[in-house]
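The lines below spell out each chain.
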Amino acid sequence: MSRALQLVVNGETRSLEIDDRTLLVHALRDELGLTGAHIGCDTSQCGACTVLLDGRAVKSCTVLARQVEDREITTIEGLAPDGGMHPLQKAFVEHHGLQCGFCTPGVILTAADLLSRDDAPSDEAIRHALRGNLCRCTGYQGIVESIRAVGAAS
Amino acid sequence: MIPAATRYARATDVDHALELLGGPDAKVIAGGQSLIPVMKLRIARPSLVVDISRLELRGVEERGGAVHIGPLTTWAELADAALPAGLEAISECARGIGDLQVRNLGTIGGSVVHADPASDMPAVLLALGGRLAIRSPEGMRDISLSEVLLGPFTTSLGPQDLVTDVVVPTPAAGSGSAYASVEHPASGFALAGAAALAASGAETVALTGVGATPFVLQGDPRAAIAAAEIFGDRFASEEYRRGLAVVVAERALISARARSRA
């Protein structure tokens, strides 16, 4: 049975009608058209669906949409204001941090969480933080270099 | 994957949560990092999920000779928490659980009562003598973790029992503790994990990932592991797991001793 819910996504309050069982990733993609949160494994392993919840990276396939009512959700679409590029997005272009791009939104949002706690993370800290994001193109080296570059510039 | 149809209710306080849990097939949700995956697989099909995640049951506080950990404390919060000397195993274990996203939502209380036979923190709590405070409609009670964990995904808790505190005695001055594990590289779950507490004159080791529940080794660790009931599966045979248990127990003991002043 659908019921009303309000979510605060990328700074805007959005109203939707969803079932109680609806997962956050489905609410974002199917109801709000925010398809940057990808569905990869759908088993809480791959991190492609990662979004920020009050600034912390979470897997949106493993959260009920109703649990996050009135909390701040940031998707890749809202990371940089006004259609610009976030420093992480620029760094991923410059340092070959992506190839097919499927995992990239999740990786970048995880990196945003890491950099908010540690503005110059070591390679070890970067790799530890990326444990929950699977990439099958880059071999991770470009991703680590991209995140390291943003850390070094801070 | 989509969970089976369910209803959602958010508890406003512990009494409200207990009242909601009185309904048939109601289930508590906190961080959801164990429950939602099994709901998506439809192994769990609660008719009502009772969200306790906004209750004031979080944070770490030392008082009265014990450290009180709110059951809603996330792994990320626990990894960063200031803990008294001797409880190093708690932060060491919390830092290695799951991945960054799981640590941001997953809670210590939820993990313990999920009773996964390979989860890490129960071994640490067992080695440190951890206890749980439980609220139910009958009142409050205090129970040791070993009495809670009965088998894989099975506890002695009833449907209207809610963990309200995870209590760990402050170790004697000069104690040290550690957690060591060998993980399955994909799932991250422990193929064998060991927590050790080294205090003056006494050492305690608890294992996880190797039996029906995490358990404390009695007497000499090597002899206890040789005699223990260890299971094998497609990831690690019984013989291999028994060998790993010896390795992780030894590693945990070595670092616990190094951290102690005993």
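Quick note: structure is the one above.
Residues numbered from 1 in each chain as written. Chains lettered and ligands numbered in written order. Predicted model: local features only at pLDDT ≥ 70, side-chain atom pairs only at ≥ 80, totals over all residues.

### Digging into the sheet that holds strand β5 (residues 72-74) of chain A
Residues and elements named next belong to chain A. Where we set the bar: For two strands to pair, DSSP has to find at least two bridges joining them. Each helix corresponds to a stretch of at least 4 residues labelled H or I by DSSP, and each strand to a stretch of at least 2 residues labelled E; elements are numbered beginning at the N terminus. Convention adopted: a line fitted to C-alpha atoms gives each axis, helices being fitted over their contacting stretch, and angles between N-to-C directions are expressed from 0 to 180 degrees. Contacts are defined on C-beta atoms placed from the backbone: any two residues whose C-beta positions lie within 7 Å are in contact.
Ordered in space as β2-β1-β5-β3-β4, the 5 strands form an open sheet in which the pairing is mixed. Of all strands in the sheet, those with a lone pairing partner are β2 (12-19) and β4 (56-59), marking the two edges. This sheet shows a mean twist of 45° between the axes of neighbouring strands, independent of strand direction. Looking at chain direction, strand β1 (residues 2-9) and β2 are connected through 8 bridges and run antiparallel. The residue of β2 that forms the bridge with Leu 5 is Leu 16. The sheet contacts of helix α3 (residues 104-117) involve β3 (50-53) and β4, and relative to β3 the element is tilted by about 30°.

### What about the nonpolar core?
For clarity, the cut-off: By convention in this section, buried Ala, Val, Leu, Ile, Met, Phe, Trp, Tyr and Cys residues joined through C-beta atoms within 7 Å make up a nonpolar core. Between the buried cut of 20 or more and the exposed cut of 12 or fewer other C-beta atoms within 10 Å of a residue's own C-beta lies the partly exposed class, and all C-beta atoms are placed from the backbone.
Core analysis: the largest hydrophobic core is formed by 125 residues, its most contacted members being Val124(B), Ala127(B), Ala196(B) and Ala252(B). The biggest single contributor to this core is strand β12 (residues 190-199) of chain B, with 8 residues.

### Concerning the pairing of β3(A)
All names here are of chain A. Across the two faces of β3 the burial is the same, with Thr 50 and Leu 52 and Val 51 and Leu 53 all buried. Connecting the antiparallel pair β3 and β4 is a turn made up of 2 residues, with Asp 54 showing a positive phi of about 50°. Where β3 and β5 come together, 2 bridges link them in antiparallel fashion. When the sheet's bridge partners are listed, Leu 53 is paired in β5 with Ile 73.

### Re the interface of chain A and chain B
Counting from both sides, the interface comprises 22 residues of chain A and, opposite them, 19 residues of chain B. Within the residue set of the side of chain A that touches chain B, elements represented by two or more residues are β4 and α3 of chain A. Here the side of chain A that touches chain B gets 4 residues from one element, more than from any other, and that element is β4(A).

### Comments concerning the sheet that holds strand β1 (residues 7-10) of chain B
The pairing of strands in a sheet happens through backbone hydrogen bonds and is either parallel or antiparallel. Residues and elements named next belong to chain B. Overall, parallel pairing links the 3 strands, which are arranged β1-β3-β2 in an open sheet. Looking at strand neighbours, the two that pair on one side only are β1 and β2 (26-29), the edges of this open sheet. Within the sheet, the average angular offset between the axes of one strand and its neighbour, ignoring direction, is 25°. By the bridge criterion, 4 bridges tie β1 to strand β3 (residues 48-51) in an arrangement that is parallel. The partner of Tyr 8 across the bridge, within β3, is Val 49.

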